[in-house]
Amino acid sequence: MNPYVLTILLSSLGLGTVLTFASSHWLLAWMGLEINTLAIIPLMARQYHPRAVEATTKYFLTQATAAAMILFASTTNAWLVGEWDIQQLTHPIAVTTAMLALALKVGLAPVHFWLPEVLQGLDLTTGLILSTWQKLAPFALMLQVAPTVNSSLIVTLGLLSTLVGGWGGLNQTQLRKILAYSSIAHLGWMVLIMQFAPSLTLLSLIMYIIMTSSAFMTLKTNNSLTINALAISWTKAPTLAALAILVLLSLGGLPPLSGFMPKWLILQELTKQGLPMSATLAAMTALLSLYFYLRLCYAMTLTIWPNTLAATTPWRLDFTHTTLPLSLVTILALGLLPLTPAVAALLNL
């Protein structure tokens, strides 16, 4: 892709997100979301491959539907209540419609069906942008809308997403689909606590972005798209393969890795709010996700692909990828758990 075009598209991605962050009026926020969607579409379709074009079309249709629902909800609220302000979305119909539209935007269950299919059709770099940056603007709106939404709806969306995210990833062999279901499960944890402790939702989102970035960059460095390809990744970069296992376990939320921190604090907060059943269900669905992360770890460490001697030597060749971003996010994805007391104090938990 032409570097000038790429610069314009990436700048538009940034502009759309910042515009949604900064807006207090529904029309401005909607405009930011639309700029965001239109900027990523050429990036998704740049491969000239039928799968990429199909993924782009599916993404465009779902995002256009969600944007229309947001516009409908905000107009309904302005008509019935007389307010365009985001935080003054008070009419029950408008609030519920807006929340479901934002759930469709980010890919929460039960409106998640587009996410695995779209992510499967993209290359890893665009998939990383879709899984991380594209979640920021809708989440900013969700956090502002959440206080007026029926708490049963939010908890149901959260628990259903953690369940679907764990269940859907069990039988997958494609790494991008596994990461898509992982994304749905993590979004469920964020939404679950949104009404009770918004600061914890932000913490979970930041941790999710760090761990997912590390996972996507590792797969890109190893050029792995399926579980079978993972089995030979140790021959390309043995150290990276060892660290990738820890990153996957961190995504699963195992101590003493960083991914345990948000889950720990969320379960603690849910118990404080008098929701022990929700906390128990969320913890049990995390075991489903942990199973498919362990499956990937098993493929990377305990299975040896039938190699010829020539196939075991790529690690001796010069490494051409830029590894600084990967190194930084991997360190953060593995080593932040000791900061939990400081984070809890900072968030007044």
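Just so it is clear, the structure is predicted and the values come from calculations on it, not from any experiment.

**Details of the UniProt feature "transmembrane region" (unreviewed entry) in the protein**
For step 1, the next point in the chain: On the UniProt side, "transmembrane region" (unreviewed entry) is annotated at positions that read residues 60–81, 93–115, 152–170, 231–254, 275–294 and 324–347 here.
For step 2, the next point in the chain: Its end C-alpha atoms 31 Å apart, residues 60–81 is made of 95% helix and 0% strand.
For step 3, the next point in the chain: Strand forms 0% of residues 324–347 and helix 79%; the C-alpha atoms that close the span are 30 Å apart.

**Re the pattern of salt bridges**
For step 1, the next point in the chain: Counting across every chain of the model gives four salt bridges.
For step 2, the next point in the chain: Here Lys177 and Glu117 are joined by a salt bridge, their closest N and O atoms 3.4 Å apart. Separated by 60 residues along the polypeptide, Lys177 in helix α9 (residues 175–192) and Glu117 in helix α5 (residues 114–120) bring together distant segments of the chain.
For step 3, the next point in the chain: By sharing partners, the salt bridges in this structure join Glu54, Lys58, Glu117 and Lys177 into a single network.

**Some details on the packing of helix α13 (residues 238–252) against helix α16 (residues 324–335)**
For step 1, the next point in the chain: The interhelical angle for the contact between α13 and α16, taken along N-to-C directions, is 45°, at an axis separation of 9 Å. If you check the angle between α13 and α16, you find them oblique. Crossing geometry of α13 relative to α16 is assigned as left-handed. Two secondary-structure elements touch here, α13 through Leu240, Leu243, Leu246, Val247 and Ser250 and α16 through Leu326, Thr330, Ala333 and Leu334.
For step 2, the next point in the chain: When its residues are assigned to classes, the contact of α13 with α16 shows seven nonpolar, two polar and no charged.

**A closer look at the domain arrangement of the protein**
For step 1, the next point in the chain: Per the domain assignment, the segments making up the protein are domain 1 (1–149) and domain 2 (198–348).
For step 2, the next point in the chain: Counting residues at the interface gives 11 residues for domain 1 and 14 residues for domain 2.
For step 3, the next point in the chain: At the boundary of domain 1 with domain 2, total buried surface from both sides reaches about 1000 Å², with 87% on carbon and sulfur atoms.
For step 4, the next point in the chain: When the buried surface of domain 1 facing domain 2 is broken down by residue, Leu124, Leu128 and Leu143 rank first, second and third, together holding 51% of it.
For step 5, the next point in the chain: Linking domain 1 to domain 2 there are zero salt bridges.
For step 6, the next point in the chain: One can count two residue pairs in polar contact (both at pLDDT 80 or more) joining domain 1 with domain 2.
For step 7, the next point in the chain: Breaking the side of domain 1 that touches domain 2 down by element, the ones donating at least two residues are α6 (124–131) and α7 (133–145).
For step 8, the next point in the chain: Broken down by class, the residue content of the side of domain 1 that touches domain 2 amounts to six nonpolar, four polar and one charged.

**Comments concerning unusual backbone geometry**
For step 1, the next point in the chain: In this model, Ala109 is joined to Pro110 through a cis peptide bond whose omega is 5°.
For step 2, the next point in the chain: When you line up the elements, Pro110 lands in the loop between α4 (92–106) and α5.
For step 3, the next point in the chain: Here the bond from Pro255 into Pro256 is cis, since omega is 5°, no more than 30 degrees from zero.
For step 4, the next point in the chain: With respect to the element layout, Pro256 can be found in the loop between α13 and α14 (260–272).
For step 5, the next point in the chain: One non-glycine residue, Tyr48, adopts positive backbone phi at about 55°.
For step 6, the next point in the chain: Here the phi dihedral of Asn223 falls at roughly 55°; this positive angle occurs in a residue that is not glycine.
For step 7, the next point in the chain: The residue Asn223 is located in the loop between α10 (198–222) and α11 (227–230) in this model.

**Let's talk about α7**
Structural remark: α-helix, 3.6 residues per turn; residues separated by three or four positions point the same way.
For step 1, the next point in the chain: Of all 13 residues in α7, 10 are buried, a share of seventy percent or more.
For step 2, the next point in the chain: Along α7, the positions that sit buried rather than exposed are Gln134, Lys135, Leu136, Ala137, Pro138, Phe139, Ala140, Leu141, Met142 and Val145.

**Digging into the environment of Leu265**
For step 1, the next point in the chain: Position of Leu265 among the secondary structure elements: in helix α14.
For step 2, the next point in the chain: For Leu265, a relative accessible area of 5% puts it in the buried group.
For step 3, the next point in the chain: In the structure, Leu265 is positioned 84 residues away from Leu349 in sequence and 8.3 Å away in space, judged by C-alpha atoms.
For step 4, the next point in the chain: In contact with Leu265, other than residues within four places in its own chain, are Leu200, Leu203, Thr340, Val343, Ala344 and Leu349.

Parameters and conventions
- Residues numbered from 1 in each chain as written.
- Predicted model: local features only at pLDDT ≥ 70, side-chain atom pairs only at ≥ 80, totals over all residues.
- Heavy atoms only, no water.
- UniProt positions renumbered as here; feature names shortened; annotations may be inferred.
- Helix = DSSP H or I, 4+ residues; strand = E, 2+ residues; numbered from the N terminus.
- Salt bridge = Lys/Arg side-chain N within 4 Å of Asp/Glu carboxyl O.
- Axes fitted to C-alpha atoms, helices over the stretch in contact; angles between N-to-C directions.
- Parallel < 35°, antiparallel > 145°, perpendicular 65-115°, else oblique.
- Left-handed = near helix turned anticlockwise from the far one by under 90°.
- Contact = heavy atoms within 4.5 Å.
- Nonpolar A, V, L, I, M, F, W, Y, C, P; charged D, E, K, R; others polar.
- Domains from an automatic or database assignment.
- Buried area = accessible area lost by both parts, 1.4 Å probe.
- Polar contact = N/O pair within 3.5 Å; in protein donor to acceptor, adjacent residues only side chain to side chain.
- Buried < 20%, exposed > 50% of the residue type's maximum accessible area, 1.4 Å probe, protein only.

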